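A look at the structure
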Amino acid sequence: MASYILGAPLGGIGGGTITRGWRGEFCRWQLKPGMYHYKTVIENQFMVCLRRNGQTVYQQVLSVERPPTLQGWNWGFCGEYAYYHALYPRAWNVYHLPGQNVTLTCRQISPIIPHDYQDASLPVAVFVWDIENKNDYALDVSIMFTLLNGSGHADDKSGGHWNEPFRLEKNGEAVSGVLLHHCTAVNPYTLCIAAREQPEREVTHQTAFSPKGTCHGLWSDLITDGRLDSPTGSSPPTAKGERVAAALAAGCSVATQSRGSLEFCLAWDMPKITFGSGGKEHSRRYTRYYGSKGDACPLLSHHALTHYRGWEKSIEEWQGPILQDSSLPTWYKSALFNELYFVADGGTVWTELAEDADVSGGLRSEEGGLPAQPSVIKDYGRFAYLEGQEYRMYNTYDVHYYASFALIMLWPKLALSLQYDIAGSVVQQDPTERLYLMNGRCSPVKTKGVVPHDIGDPEDEPWQRVNAYLIHNTADWKDLNLKFVLQVYRDFHLTQDSQYLQDMWPICQTVMESALKFDLDGDGLIENSGFADQTYDGWTVTGPSAYCGGLWLASLVVMCKMARLLGNEMKYQYYRDILDRGSVAYDKVLWNGKYYNYDSSGKDHSNSVMSDQCAGHWFLRASGLGDGEYQASLSKREDPEGA
């Protein structure tokens, strides 16, 4: 299965990603927004050529594969001589060339840089090849990078694709390579392979070759002298049914017992995107800096190759303190960084806000709504990521609650932007009736005054049509509104953005009033409704529950805090009264002397321990409210005997 071979993905945030496997293969493509194409493109390879005294002594594809195609190449590198490790956003492939006394290390770098809103958006990756020559003689070393015009998709054969060489010199630095123009009717893009020109480094290319047949000609071109022919001019457009690829080689001399390095870049430019409905065209974030004409690859590759050292410095300064903290277990350090891949590779889109866009849902600030174009979205764009790569819903809010710490701590402006989009959808409604799978009933797509489950499906039109989720009508869920309120205050606590707090305050009041209707007996504590009416959408919950009740009380705590911050004493007293009554009811109904019961149904599962009963308390602590004025309302004896 493809999932077993995946390694660290390539690219920044929101411009699409290309995933390399841990064996070095290019095996998963997320260029079309939110959609994944699993295909190992065998033509995409790195190869090494070693020459001594003008003669080639070794040439090898750096792949363990032995494909039935491209038989003119030397395949089957022995995997026992190679290894891989990753610490996202970087990864390393190490090759000990058998019998050659040479070690190659390919270090891949993507611009995933905290608190960066420009370079972090770039659809690029850099490959730095470090060469260690342990021999007592010098070697000439060439690395060749081959790339198919396409992604292994059927449209690779649709015709009209073409390649061209380029060279760009800027600020005294030059890069050269090949542009591969993929000219589809929808979401066309350009791929680019480039290398940095430096003294004692030679960069050559083959503009186009057909991957059909043995491809012995390209192999022979490199093996003859360690370089490629470098023809001028562009290739003709492909005919229907044909595919085309390109190659780029960089070479250097490595002295006895010495080291050398060669630098490559892979870039891709799909500046404007449409989702599945085809209804609107969106410009990706990086177009703010590189334009939306589809001609950005030379500048992108030049910037990447001349700035990646600064990226690495920023990455090391970010990761270093955590990696050096001996109190943290190794598995935690690995997970903390390597699982962050999903910020870029979660079907992620990061787009510019259109000039005519209105995120307020039609309800303006003076009416208890939002600005049409909040400054944080105008300045930093719109951000969306999927619940899962096979579970295609953008910004699924019940689970974003848990993942949101990555955004608010590393890219806080994106976290606030996402919140504005959610807030704007609260005041919207879509009365269209549709069938929900769990209860078999028809209900509206979106009810006014509640937080949506998600902001849409990439195969439809996200942001415009929300709630792609079809299992339950989430207007009746008990946790979504509360998770919004808790995140609003958490975000304010970490950013101290007072405008954000003011903008969100009326929306918070709206969703709290919607949630309050679930307090059926007026005791200040909401009740669940006897079905799976929360994020655990296969677990029925009845009456007051530890999970939803805890979220409710925590939400009341932050509503009190926000009211005080905004100078609204009347609202403070309103929410404080509910909090005091609800806290008493929570303890009375759910506390069993040792812990809070799952729910109050009295069924066999009712006295289960649900760890997420701490979800609200956890957020309070993360928001600086773990102790002090409000804690007395939420604290409970930890001693089993109540001492």
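About the cut-offs
- Residues numbered from 1 in each chain as written.
- Predicted model: local features only at pLDDT ≥ 70, side-chain atom pairs only at ≥ 80, totals over all residues.
- Heavy atoms only, no water.
- Pairing = 2+ DSSP bridges.
- Helix = DSSP H or I, 4+ residues; strand = E, 2+ residues; numbered from the N terminus.
- Axes fitted to C-alpha atoms, helices over the stretch in contact; angles between N-to-C directions.
- Contact = heavy atoms within 4.5 Å.
- UniProt positions renumbered as here; feature names shortened; annotations may be inferred.
- Salt bridge = Lys/Arg side-chain N within 4 Å of Asp/Glu carboxyl O.
- Parallel < 35°, antiparallel > 145°, perpendicular 65-115°, else oblique.
- Left-handed = near helix turned anticlockwise from the far one by under 90°.
- Nonpolar A, V, L, I, M, F, W, Y, C, P; charged D, E, K, R; others polar.
- Disulfide = S-S within 2.5 Å.
- Buried < 20%, exposed > 50% of the residue type's maximum accessible area, 1.4 Å probe, protein only.

If you check an unreviewed UniProt entry, the protein appears there as Non-lysosomal glucosylceramidase from Takifugu flavidus.

Structural notes on the sheet that holds strand β17 (residues 258–269)
The strands that make up a sheet are held in pairs by hydrogen bonds between backbone atoms, and each pair lies either parallel or antiparallel. If you trace the 8 strands from one edge of the open sheet to the other, you get β7-β8-β9-β10-β17-β14-β13-β12, paired in antiparallel fashion. Each of the sheet's edge strands pairs with one partner strand only, and the pair in question is β7 (82–87) and β12 (162–170). On average, each strand axis in the sheet is inclined to that of its neighbour by 20°, with strand direction left out of account. With 8 bridges connecting them, strand β8 (residues 90–97) and strand β9 (residues 102–109) associate as antiparallel partners. In the sheet register, Leu97 faces β9, and the bridge partner there is Val102. Contacting β7, β8, β9, β10 (124–133), β12, β13 (173–182), β14 (189–197) and β17, helix α3 (residues 297–323) runs over the sheet at an angle of about 110° to β17.

As for the UniProt feature "domain: Glycosyl-hydrolase family 116 N-terminal" (unreviewed entry) in the protein
Mapped onto the present numbering, the UniProt feature "domain: Glycosyl-hydrolase family 116 N-terminal" (unreviewed entry) falls on residues 7–311. Across residues 7–311, the secondary structure splits into 10% helix and 45% strand, with the terminal C-alpha atoms separated by 20 Å.

Topic: the pattern of salt bridges
It is possible for side chains bearing opposite charge to pair when their charged atoms get close. Under the criterion given, the structure shown has 29 salt bridges. A salt bridge links Glu316 to Arg90; the nearest nitrogen and oxygen atoms lie 3.2 Å apart. You can see Glu316 sitting in helix α3 and its partner Arg90 sitting in strand β8, a full 226 residues away along the chain. For the salt bridge of Glu202 with Arg227, the shortest nitrogen-to-oxygen distance reads 2.9 Å. Of this pair, Glu202 sits in strand β15 (residues 201–209) while Arg227 is found in the loop between α1 (216–225) and β16 (245–254), placing the two residues 25 residues apart along the sequence. Several salt bridges converge on common partners, so that one network encompasses Arg90, Arg107, Asp130, Glu312 and Glu316.

Some points on the packing of helix α7 (residues 397–410) against helix α13 (residues 615–622)
Look at α7 against α13: their axes get within 12 Å of each other, and the N-to-C directions meet at 20°. Of the possible angle classes, the one that applies to α7 and α13 is roughly parallel. In terms of crossing hand, the pair formed by α7 and α13 is left-handed. Across the interface between the two elements, Tyr401, Tyr402, Ser404 and Phe405 from α7 touch Ala615, Gly616, Trp618, Phe619 and Ala622 from α13. Class assignment for the residues of the contact of α7 with α13 results in 7 nonpolar, 2 polar and no charged.

Considering the packing of helix α10 (residues 498–516) against helix α12 (residues 569–590)
It is the contact of α10 with α12, at a shortest axis distance of 13 Å, that shows an interaxial angle of 30°. The orientation of α10 relative to α12 falls into the category roughly parallel. Like other packed secondary-structure pairs, α10 and α12 cross with a definite hand, here left-handed. Residues Trp505, Gln509, Met512, Glu513 and Leu516 of α10 pack against Lys571, Tyr574, Tyr575 and Ile578 of α12. Residues that form the contact of α10 with α12 fall into these classes: 6 nonpolar, 1 polar and 2 charged.

Notes on the state of the cysteines
On inspection of all chains with the given rule, the structure shows 0 disulfides. Free cysteine: Cys192, not disulfide-bonded; nearest cysteine sulfur from Cys297 at 4.8 Å. On the basis of relative accessible area, Cys192 is assigned to the buried category, the value being 0%. Between Cys614, a free cysteine, and Cys548, which holds the nearest cysteine sulfur, the sulfur-to-sulfur gap is 14 Å. You can call Cys614 partly exposed: its relative accessible area is 44%.

Details of the sheet that holds β16
Taken in spatial order, the 5 strands line up as β6-β5-β11-β16-β15 in an open sheet, and their pairing is antiparallel. The sheet is open, and its two edges are formed by β6 (55–61) and β15, each paired on a single side. The mean inter-strand angle of the sheet, taken between neighbouring strand axes irrespective of direction, is 20°. Pairing analysis gives 6 bridges linking strand β5 (residues 45–52) to β6, with the strands arranged antiparallel. Its bridge partner being in β6, Cys49 is matched across the sheet by Gln59.

Describing the pairing of strand β2 (residues 17–21)
Burial analysis of β2 places 5 of its 5 residues in the buried class, which makes it a mostly covered element. Side chains of β2 alternate between two faces, with Thr17, Thr19 and Gly21 and Ile18 and Arg20 buried alike. Here 3 bridges tie strand β1 (residues 6–10) to β2, and the two strands are oriented antiparallel to one another. Its bridge partner being in β2, Leu10 is matched across the sheet by Ile18. Hairpin connection between β1 and β2: a loop of 6 residues separates the two successive antiparallel strands, and Gly11 in this loop has a positive phi of roughly 110°. Direction of pairing for β2 relative to strand β3 (residues 26–30): antiparallel, over a ladder of 4 bridges. Paired with Thr19 across the bridge in β3 is Arg28.

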